[in-house]
Amino acid sequence: MGVKRFGLTAALIECGDLARAAAVHEQLKSSSVPFTEIIPAAQTVLVRFDSAAATAEFIASFRPEPTFESQRGRGDERVIDVIYDGEDLQAVAELTGLTRDQVIVAHTEQQWSVAFAGFAPGFFYLHAADNALNVPRRDTPRTAVPAGAVGLAGEFSGIYPRTSPGGWQLIGHTNAPLWNIHQDPPALLEPGATVRFRAVREHIEVSAAEERGVAEPTTPPTQPNALTVVASGPQLLMQDAGRAGLTHWGVSPSGFADPSAAREANRLVGNDPSAVALESLMGGFTVTAEADTVLSLTGARVKAIISEPEKKDRQVPAATPFALLAGQKLSVGTAEAGLRVYCAVRGGFAAPVSAQSRSYDTMSEIGPAPVKAGDKLSVFGKISPSVAYPLPRPLPLPESDTATEVRVILGPREDWFTEESLQRFCEVEWEVGADTNRIGARLKPVQTDETVLERAITTELPSEGMVAGAIQVPPSGEPVVFLADHPVTGGYPVIATVHPDDLRLVAQAAPGTLLHFTPYTPTA
């Protein structure tokens, strides 16, 4: 086993196989190691910490217990009814040399252990000790796999909890309540549990409420409406500091894409730094005040105007608290530099709690729905009697006329790439693509004749834990920088990880922005 640094505040334990990864995961859970999160995977365990010093100490001192045995597969067993009518059932039979009926028998006679969470909340990789159904993924992934589809990929079986793209071989479907954010707990399965599949001809409808207790979403007491949304712009979301400790269900941290800008917006109006703020993609939103409020705008550079009937418009100063009185309208223009604008209101915006946070996760669609025109926004708590001084200078933003320097910590999979690719990675300028979003920023080399990144190891990487800032390199050779709504696990090698202090620059990089990566060696 080995331990590798994964960015500034995480470590990746290489375990060699699933059984040892399960044992290490359970060893860590019962230890006194001061981790903030553990993410088990196929052959690794990712451990996150709250500081670089704690990470360095763990890497230097951690030793797996040689006699520690995993207890997985010995917990509660879930029986899941499946109708075996999948589109790929015949293909699986041909790949394994079995008949269709023998595939069904092989799938139902196994006891499957829940190994780790996958790419979406409620999606789990299920493993069996003597799996006769080890088949490759489809050559061409489907753009939409229906919720409840039961599939196979490699040594694993799994169930899609919601409609999503996927390349697994589909052999059947179930109506088991795999994931419902209002259930307690929200996931039907959890690492360490076991599953048996049962073949049925038809499903008996069982509601989630009959399976388990259902908790209503928590909405705090609010004051009267403070703002009415006139126009929402390209995307207007409620965000707070995000979720923690839910990766075992496949739930990503989410939260502010640019935490520094959001915290400053809250500080300016006297809020707790983690209070709910509006996160606007590119600006372009307009609100009208229903009551006297105090707001602030930070993040991307925009021109904002306050207007009211029969009075002269006035411009809002950047990074400064300002009053918006009842009847006045705030119009925020399109971003001139940067990508995301943050708007905080004194007292914080009210929003329902979903999975321990009031953030909207664009990948899993957990959290308060995107804000749209006509929505009424209210204040969460008691209004603070004070506001802060304006920022002495705005937070830096990527500019359009020069490449933005971004520090990266190489690894943990830099050895999967050729020496030439590693050198090229830190020499060329990368352009942010048009399809960048809160999940990740997609990059391509500025010079079209530049060779993309090439691997030294071309085999498939077993899924392993991911962190915000991880730079994955898919087979295309064009890297993707994971942002706030990134998946919990990923199957492409991570060549480097962005320094946490510089990740906001990537989150603020509009399409067409140029980035240049500079290697950074942690001192702790």
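Above this text is the structure in question.
All values derive from a computational prediction rather than experimental measurement.

**Q** Got a minute to help me understand helix α2 (residues 52–61) in this structure?
**A** Three- or four-residue spacings in an α-helix give side chains the same orientation, since the helix completes a turn every 3.6 residues. Every buried residue belonging to α2 is among A52, A54, T55 and F58, and all of these are buried. Angular distribution of buried residues about the axis of α2 spans 160°; they occupy a single face of the element. Of the residues in α2, the exposed ones pointing more than 90 degrees away from the buried face are E57 and A60.

**Q** Could you clarify how one ought to interpret the packing of aromatic side chains in this entry?
**A** To describe a pair of aromatic rings, one takes the distance between the centres and the angle between the planes. Considering all chains together, one arrives at 13 aromatic pairs under this definition. Both rings, one in F58 and one in F62, keep their centres 4.9 Å apart while their planes meet at 25°; by these two values the pair is stacked. Aromatic side chains F425 and F517 sit 4.9 Å apart centroid to centroid with 20° between the ring planes, which places their arrangement in the stacked category. Of this pair, F425 sits in helix α7 (residues 419–425) while F517 sits in strand β33 (residues 514–519), placing them 92 residues apart in sequence. A network of ring pairs unites the aromatic residues F116, F123, Y125, F156, Y160 and W168 as a single cluster. The ring of Y520 carries R407 above its face, with NZ or CZ at 5.5 Å from the centroid.

**Q** What exactly am I supposed to notice about the nonpolar core here?
**A** Grouped burial of nonpolar side chains is what soluble globular proteins tend to show. Counting 37 residues, the largest nonpolar core has F425, I471, V481, I495, V506 and F517 as the members making the most contacts within it. When near neighbours in sequence (up to four residues on either side) are disregarded, V506 contacts V406, A441, V481, L483 and L515. Ranked by size, the runner-up nonpolar core spans 34 residues in total, among them V92, W112, L246 and W249.

**Q** Any chance you could explain the packing of helix α3 (residues 89–96) against helix α4 (residues 100–109) here in plain terms?
**A** Packed helix pairs are characterised by how far apart their axes lie and by the angle those axes make with each other. Running from N to C, α3 and α4 cross one another at 90°; their axes reach a closest spacing of 9 Å. It follows from the interaxial angle that α3 and α4 lie roughly perpendicular. Contact residues: L89, Q90, V92, A93 and T96 in α3; R100, V103 and I104 in α4. Its residues assigned to classes, the contact of α3 with α4 shows 5 nonpolar, 2 polar and 1 charged.

**Q** What is the right way to read the sheet that holds strand β29 (residues 470–472) from this model?
**A** Whether parallel or antiparallel, the strands of a sheet pair through hydrogen bonds between backbone atoms. Here we have 7 strands rolled up into a closed barrel, ordered β25-β32-β29-β30-β27-β26-β33, and mixed in their pairing. For this sheet, the mean angle separating the axes of adjacent strands, direction not counted, is 40°. Looking at chain direction, strand β25 (residues 404–410) and strand β32 (residues 494–498) are connected through 3 bridges and run antiparallel. Paired with L410 across the two strands is A496, which belongs to β32.

**Q** Even after reading the chapter, I still don't get the pairing of β33, so can you show me in this structure?
**A** Strand residues, when the strand is regular, have side chains that alternate between the two faces of the sheet. Where β25 meets β33, 5 bridges bridge the pair, whose relative direction is parallel. Note that in β33 the partner of V408 across the bridge is P519. Of the pairings in the sheet, the one linking strand β26 (residues 430–432) to β33 comprises 2 bridges and is antiparallel in character. Looking at the pairing, W430 lines up with L515 of β33.

**Q** What's the story with the environment of Y342 in this structure? I'm lost.
**A** One can find Y342 in strand β23 (residues 337–345). In sequence terms Y342 and A509 are 167 residues apart; their C-alpha atoms lie 15 Å from each other. Apart from residues no more than four positions distant in its own chain, Y342 is found in contact with F256, A257, D258, A261, A262, A265, L278, E279, S296, L297, T298 and Q508. Polar contacts involving the side chain of Y342 include one to the main-chain amide nitrogen of A257, which spans 3.2 Å.

What counts and what doesn't
- Within any chain, residue numbers begin from 1 and follow the written order of that chain's sequence.
- The predicted nature of this model means local features are confined to residues of pLDDT at least 70 and side-chain atom pairs, given and counted, to a pLDDT of 80 or more, with totals for whole chains, interfaces and linings taken over all residues.
- Hydrogens and water molecules were not included; the side-chain quantities draw on all heavy atoms of the structure.
- Exposure categories follow from relative accessible area, calculated using a 1.4 Å probe and restricted to protein chains: below 20% of the type maximum is buried, above 50% is exposed, and the middle band is partly exposed.
- A run of H or I in DSSP counts as a helix once it spans at least four residues, and a run of E counts as a strand once it spans at least two, with each numbered from the N terminus.
- Arc, as used here, means the arc of the directions from the helix axis to the C-beta atoms.
- Put simply, two rings from Phe, Tyr or Trp (the six-membered ring, in Trp's case) pair if the centres are within 6.5 Å, and we call them stacked under 30 degrees between planes, edge-to-face over 60, tilted for the rest.
- Over a ring means this: the NZ of a Lys or the CZ of an Arg is within 6 Å of the ring centre and within 35 degrees of the ring normal.
- Definition of nonpolar core: a set of buried residues of the types Ala, Val, Leu, Ile, Met, Phe, Trp, Tyr and Cys, connected through side-chain atoms within 4.5 Å.
- We call two residues contacting when some pair of their heavy atoms lies within 4.5 Å.
- A fitted line through C-alpha atoms represents every axis, and for helices the fit uses only the stretch in contact; the resulting angles, taken between N-to-C directions, go from 0 to 180 degrees.
- Working rule for angles: under 35 degrees goes down as roughly parallel, over 145 as roughly antiparallel, 65 to 115 as roughly perpendicular, anything else as oblique.
- Amino acids are sorted into nonpolar (Ala, Val, Leu, Ile, Met, Phe, Trp, Tyr, Cys and Pro), charged (Asp, Glu, Lys and Arg) and polar (every other residue, Gly among them).
- Should DSSP find at least two bridges between two strands, the strands are taken to pair.
- We define a polar contact as two N or O atoms separated by no more than 3.5 Å, with the added condition that, inside protein, one atom must be a possible hydrogen donor and the other a possible acceptor, whereas residues neighbouring each other in sequence contribute only through side-chain atom pairs.

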